[in-house]
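Commentary on secondary and tertiary structure
So the chains spell out like this:
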Amino acid sequence: MTVSTATAPTPPSPTSPKPPADAPRTVPGPRAGGIAALLVMTALAGFACWAFADLRINAATLVDSASNAADFAGRMVPLDFPPASELLRLCGQTMAVVVCATLLSVLLSVPVAVLAAGNTTPHPSARFAARGVIVLARAVPDVVLAIIFFRVFGLGALTGVLAMGLHSVGMVGKMYADAIEQIDEGPRTAVRATGAGRLQQLVSGVLPQVLPSLVANALHRLDINLRISVVLGFVGVNGLGFEIAEALNALDYRRGMALALVVLVLCILVELLSGAIRRALLRSADRGGRTRGKGAAPRTAAARGPVLTAVPPVDAKALPDTRTPAQPVRPSAAPRVSPPWTARRIRRTAYAAVTVLALAASLWGADLAPDQFFGALGNIGQTLGLFWPPETGGILPDLLSDLFDTIKIAFAATLIGVVLALPIGTLAARNVAPSPATAAVFRVVVVLVRGVPELVLAIVFVVITGLGAVAGALALGVGAVGLLGKLVADSLEEVDPGVEAAVRATGAGRWQVFCSATLPQAAPAFVGHVLYQLDVNIRSATLLGIVGAGGIGFDLLNAARVLDFGVVTTVLLLVFATVLAVELLAVWLRRVVR
């Protein structure tokens, strides 16, 4: 006989519950936006590789140009520097124009940024209009602005100041607006609670918070404008750039390269000086904001001042009258109105005094004539009428073909820049480099490359490889190492060190920490930096066509020389549409990849 026994079902263990059938996935599924962004980035990378191959940038091209490089080096040395007095005059004139242009951009960008920032704009329509002004200023090349202002104001420093200053609003205004949107609203709310108006809120609640960022971005733009001044020299703006253009047009490579070396030294000095000041300002702002920021230690009672506590109501009639005649307050007991002269206050005052003196010297050295400005304003309407309506001059197919060449140059240059900048920027990051000395060496390499204007590199490659798109792509690709390498290094240094420490605690090696912790955190920033470099390269490729480096810039210069301003407007509209498309694509990709 078989006896069957029934066993009670075992209840599930509370420590290991069985997940229900409809439990959510541990790893989220791919999003449609993420898949679309991946496909778009893959297509952009594929187009960049095709452009690189189509332009025939290869080892054979460089080997064939070796003899030209040797011939150019022989014609370049010994360098022919102008007399010391002439050289100092040119350097002073260039710096005066650059400083005045940067000052103009700051003065224009502050009100535009206030209107463009979401937390300070008076109305959404004002914000939209201000953002449109910023995009337009970025899209219009400074060379085009210089051509327009030459027709209005003639030759002189005023043209360069206006061209660089208005074009700089595109970058400076955007940076300022972003800084204003990131402020702590607490101080502004406190000022508003006292009954302050909108202007008082901006001055007392917003400006003190964004002032370090405003100064840092102005110094960064000063460095950029110094390199741009070389480009404007080829269209008549006085200074070192104009002398370089005159020397190269006369095939005097010894004088031209000597002056280019002077520009390189100036750019490096300005880069080092502005970088030191920016770091000092940002460190100071960091220290000031850390005590009030999230996670800061609470202040002591002495630091907070007197504390008001609630007390029960008291009948005033029940209290004895202890009033005494009013006594005059002694002057010695009055609180101190002005802060003491600490070392920090003395240093900041000295910085302010030096800044004021530099601005005054620049305004005097640039020799800006108010009469020239106001006297020519009456002709500005007539001059702008020369640029409208747009015309094709019967060469629309050629313009479209050259625009496509410009896009190919920009993509190929971005690919070259990424390949070169990723290892250089990685080794320049202090948290990734094998040693601090290695990081310092590669930081110097980045600074040296950034100091060379792209136009000078384009001239060198035009002489070596000949006229055409190859020279433009190589010049922009090598020049991208300066900006992209710095951005890569900064992104790697700004990752969360706690994630790196956690991976390192498992016994992971240097490369495992880099691939598992550092690189994944910095990857979204890399995407944004590459897209920004592509945007910069499209505009720069337009300018390099001026010296024969291929692209639509050559058509732009020729149309300006023969006074065919309708074609100039057509070229400008084509470049503007291209830059705007890249800008919108970059905004969408950054939002999706973030």
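Keep in mind that this is a model prediction, so the values were computed, not measured. (Residues numbered from 1 in each chain as written. Predicted model: local features only at pLDDT ≥ 70, side-chain atom pairs only at ≥ 80, totals over all residues. Heavy atoms only, no water.)

1. Things to note about the overall build of the chain
Counting its secondary structure elements, the chain contains 23 helices and zero strands. Going through the 594 residues of the chain one by one, you find that 42% of them count as buried. Taking as baseline every contact in the chain between residues at least 6 positions apart, the subset at least 24 positions apart corresponds to 79%. Surface accessibility of the chain: about 32400 Å² in total, with carbon and sulfur atoms responsible for 67%. (Helix = DSSP H or I, 4+ residues; strand = E, 2+ residues; numbered from the N terminus. Buried < 20%, exposed > 50% of the residue type's maximum accessible area, 1.4 Å probe, protein only. Contact = heavy atoms within 4.5 Å. Areas by Shrake-Rupley, 256 points an atom, 1.4 Å probe, with all protein chains shown as cover.)

2. Brief notes about the side chain of Ser-362
Within the secondary structure, Ser-362 sits in helix α13 (residues 343-365). Within the structure, Ser-362 has its side chain in polar contact with the backbone oxygen of Ala-358 (distance 2.8 Å). Apart from the residues within four sequence positions on either side, Ser-362 is in contact with Met-95, Ala-96, Val-99 and Cys-100. (Polar contact = N/O pair within 3.5 Å; in protein donor to acceptor, adjacent residues only side chain to side chain.)

3. Digging into a nonpolar patch on the surface
Among the surface-exposed residues, Val-77, Leu-79, Phe-81, Leu-261, Val-265 and Leu-269 lie close enough to one another that they form a single nonpolar patch of about 470 Å² accessible area. Following the sequence through the fold, Leu-269 ends up in helix α11 (residues 253-290). Its relative accessible area of 51% is what places Leu-269 among the exposed residues. (Patch = residues over 30% accessible without salt bridge, like charges linked within 9 Å, V, L, I, M, F, W, Y side chains within 5 Å. Salt bridge = Lys/Arg side-chain N within 4 Å of Asp/Glu carboxyl O.)

4. Observations concerning the nonpolar core
In this structure, Ile-57, Val-143, Leu-232, Phe-234, Leu-240, Ile-244 and Leu-455 are the most contacted members of the largest nonpolar core, which totals 106 residues. The leading source of residues in this core is helix α6 (residues 142-153), at ten residues. Sequence-distant contacts of Phe-234, defined by excluding residues within four places in its chain, comprise Gly-241, Ile-244, Ala-245, Leu-248, Leu-455, Ile-459, Ile-546 and Val-547. In this structure, Ala-113, Ala-116, Leu-202 and Leu-214 belong to the second largest nonpolar core, which totals 19 residues. (Core = buried A, V, L, I, M, F, W, Y, C linked by side-chain atoms within 4.5 Å.)

5. As for the confidence of the model for the chain
Averaged over every residue, the pLDDT of the chain is 78; residues scoring 70 or more account for 84%. Note that residues 1-6 has pLDDT below 50 and, in this model, zero contacts with residues that lie over four places away or in other chains. In this model residues 289-311 is a low-confidence stretch, pLDDT under 50, and it forms four contacts with partners more than four residues away in sequence or in other chains. (pLDDT = per-residue confidence, 0-100.)

6. A short note on the pattern of salt bridges
For the structure shown, the criterion picks out 17 salt bridges. The residue Asp-178 makes a salt bridge to Arg-131 at a minimum N-O spacing of 3.9 Å. With Asp-178 in helix α7 (residues 157-181) and Arg-131 in helix α5 (residues 124-139), this pair connects stretches of sequence that are 47 residues apart. For Asp-178, a relative accessible area of 23% translates into the label partly exposed. By relative accessible area, which is 23% here, Arg-131 ends up partly exposed.

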